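# What the coordinates show
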Amino acid sequence: MSATRVLVLNSGSSSVKYQLLDMRDSSRLAMGLVERIGEQSSRLKHTPQGGGSREWTGPIADHDAALKAVAEELAKDGLGLDSPELAAIGHRVVHGGKTFTEPTVIDEAVLAEIERLIPVAPLHNPANLTGIRTARALRPDLPQVAVFDTAFHTTMPESAARYAIDVETADAHRVRRYGFHGTSHAYVSRATAKLLGKAPEDVNVIVLHLGNGASASAVRAGRCVDTSMGLTPLEGLVMGTRSGDMDPAVIFHLMRVGKMSTDEIDTLLNKKSGLIGLCGDNDMREIRRRVDEGDEQAKLAFDIYIHRLKKYIGAYYAVLGQVDAIAFTAGVGENAAPVREAAVAGLEPLGLAVDDALNAVRSDEPRLISPADARVAVAVVPTDEELEIATQTYALVGEESN
Ligand code: AMP
């Protein structure tokens, strides 16, 4: 029997998200989430293909217990991890540094390198490693693949990847712009080319991944040439809870004058800034509701969000020179028509516009929202990071296992 299934694991510090896909038709056989690992009230939600979710609440001590619980749920649907149809496990790994430019089959050396990158990804890489080690213990014989959030951005030229700081200091501490959400940017830029009926090599695309975390990228002929996140996901756009771009001297000022500690400022900029810092809400639905009711604070937060977004559209337009499409994706990008409208408003001289009727359509399908005669296509392209991870994983190991 040929092995055509791929399990995708996205391990956070206290959560594991998973999807089981059949690569013959990219169908989702099951998906789910384990949350609050290590607490008394851990929760597992498992949804098999065709619906009928099962939920379970109780203590799940660690990632090992979480993955075993997931394996049990999958087994109930006849999809156990011991199945010969399982070809591989694909892991989302946040930081691959400069080393990992492609998805990589995991061995001890790869694990050691992901570990070596912990100083640049202290929150994410340890959790990703725990997920990988647990899955390897469960199925030591199965190929496991790391798919890195940074990999798509490793094609950035040095002129975009380097900060203008002392080169020796930067290199000693691996300080450079890595970018994140790469799996999404890769998937969406390719899906946008497909929507235009062209090959990825034949189009230049600006991808706007607007979720709770948000990033923009400039993709020339299928290769990333710039992206808005940097050493960490803090740089760039205004996000749900992150500030994005700022004068770095704000940090010294808060330390010297505000007497704040490094950790306090880290929390301020990553968790209490962006939309939530500006208006107390980070959900764009709630912000729009407040704007429509005339709430001035929500309106200012929205305007700051849009102003930054426009600056990046303009910047990446200039970086690319010729732009074929702008693609909106992720929670806000796929759902918030007012954000899309405001982001391109006034940019008609650049060939950018949205058609109000098309922009108002709600759909899960990739679609164009620009007027038929527009010079630059404006598209809504739902992202699918799990499918992309599964596709990359299967491309690497699928043939060997058949
Ligand atoms: P993500 O990180 O991609 O899951 O995106 C989550 C964010 O998407 C939420 O915090 C909301 O701000 C936004 N979002 C989700 N659904 C909608 C919607 N229907 N309208 C506007 N924003 C939405």
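Since this is a predicted model, take the numbers as computed values, not measurements.

Cut-offs used in this document
- Residues numbered from 1 in each chain as written.
- Predicted model: local features only at pLDDT ≥ 70, side-chain atom pairs only at ≥ 80, totals over all residues.
- Heavy atoms only, no water.
- Helix = DSSP H or I, 4+ residues; strand = E, 2+ residues; numbered from the N terminus.
- Rg over C-alpha atoms; globule rule 2.2 N^0.38 Å.
- Contact = heavy atoms within 4.5 Å.
- Pairing = 2+ DSSP bridges.
- Buried < 20%, exposed > 50% of the residue type's maximum accessible area, 1.4 Å probe, protein only.
- Near = heavy atom within 4 Å.
- Polar contact = N/O pair within 3.5 Å; in protein donor to acceptor, adjacent residues only side chain to side chain.
- Areas by Shrake-Rupley, 256 points an atom, 1.4 Å probe, with all protein chains shown as cover.
- UniProt positions renumbered as here; feature names shortened; annotations may be inferred.
- Core = buried A, V, L, I, M, F, W, Y, C linked by side-chain atoms within 4.5 Å.
- Axes fitted to C-alpha atoms, helices over the stretch in contact; angles between N-to-C directions.

So, about the overall build of the protein. Each helix and strand counted, the protein has 15 helices and 14 strands in total. The C-alpha radius of gyration of the protein comes to 21 Å, within 12% of the 21 Å expected for a compact globule of 402 residues. Each principal axis of the C-alpha atoms in the protein carries an extent, and together these give about 55 × 55 × 45 Å. The contacts in the protein between residues at least 6 apart in sequence include a share of 62% that link residues at least 24 apart.

Next up on the list: the sheet that holds strand E2 (residues 16-22). The strands that make up a sheet are held in pairs by hydrogen bonds between backbone atoms, and each pair lies either parallel or antiparallel. An order of E5-E4-E3-E2-E1-E6-E8-E7 is seen for the eight strands of this open sheet, with the pairing classed as mixed. With partners counted over all chains shown, the strands left at the sheet margins are strand E5 (54-58) and strand E7 (104-105), one partner each. As paired elements, strand E1 (residues 5-11) and E2 share seven bridges and run antiparallel to each other. By the bridge assignment, Ser11 is partnered in E2 with Val16.

Moving on, we get to the side chain of Thr192. In this structure, Thr192 sits in helix H6 (residues 182-195). When its relative accessible area of 0% is taken as the criterion, Thr192 is described as buried. Once residues lying within four places of it in the same chain are set aside, the contact partners of Thr192 are Val205, Ala325, Ala327 and Val381.

Next up on the list: the site of the ligand. Lining the immediate environment of the ligand, one finds Gly211, Asn212, Asn282, Asp283, Met284, Arg285, Ala330, Gly331, Val332, Asn335, Ala336 and Arg362. Contacts to the ligand include Met284, whose backbone N or O atom sits 2.8 Å from an oxygen atom. The backbone of Gly331 places a nitrogen or oxygen atom 2.9 Å from an oxygen atom of the ligand. Here the ligand loses 70% of its free accessible area of 500 Å² to cover by the protein chains. Broken down by secondary-structure element, the contributors of at least two residues to the shell around the ligand are helix H10 (284-292) and helix H12 (330-335). If one sorts the elements of the shell around the ligand by residue count, H12 sits on top with four residues.

On the UniProt side, "binding site: Mg(2+)" (unreviewed entry) is annotated at positions that read Asn10 and Glu385 here. These residues run over 376 residues, yet every pair of their C-alpha atoms falls within 10.1 Å of each other. As for its position among the elements, Asn10 is in strand E1. With relative accessibility at 17%, the residue Asn10 sits in the buried group. With residues up to four places along the chain from it excluded, the contact list for Asn10 reads Ser15, Val16, Lys17 and Arg92. Checked against the element boundaries, Glu385 lands in helix H15 (residues 385-401). Filtering out sequence-adjacent residues up to four positions away, Glu385 remains in contact with Thr183, Ser184 and His209.

Among the nonpolar cores identified, the biggest contains 45 residues, and Leu210, Tyr305 and Val339 are the most heavily contacted of them. For this core, the secondary-structure elements that each account for two or more residues are strand E9 (204-210), strand E10 (214-220), helix H9 (274-279), H10, helix H11 (296-320), strand E12 (325-329), helix H13 (337-344) and strand E14 (377-380). Among the elements that take part in this core, H11 stands out by supplying 11 residues, more than any other. The residues touching Leu210, leaving out its near neighbours within four places in the chain, are Leu237, Tyr305, Leu309, Phe328, Thr329, Ala330, Gly331, Val332, Gly333 and Val339. The next biggest cluster of nonpolar side chains, apart from the first, holds 33 residues, and it includes Ala186, Val219, Ile389 and Tyr394.

Moving on: the sheet that holds E14. Ordered in space as E11-E10-E9-E12-E14-E13, the six strands form an open sheet in which the pairing is mixed. Sheet topology places strand E11 (223-227) and strand E13 (367-368) at the edges, where each strand pairs with a single neighbour. Direction of pairing for E9 relative to E12: parallel, over a ladder of five bridges. Counterpart to Ile206 in the pairing with E12 is Ile326. Contacting E9, E10, E11, E12, E13 and E14, H6 crosses the sheet at an angle of about 130° to E9. H11 contacts E9, E10, E11 and E12 of the sheet and is inclined by roughly 160° relative to E9.

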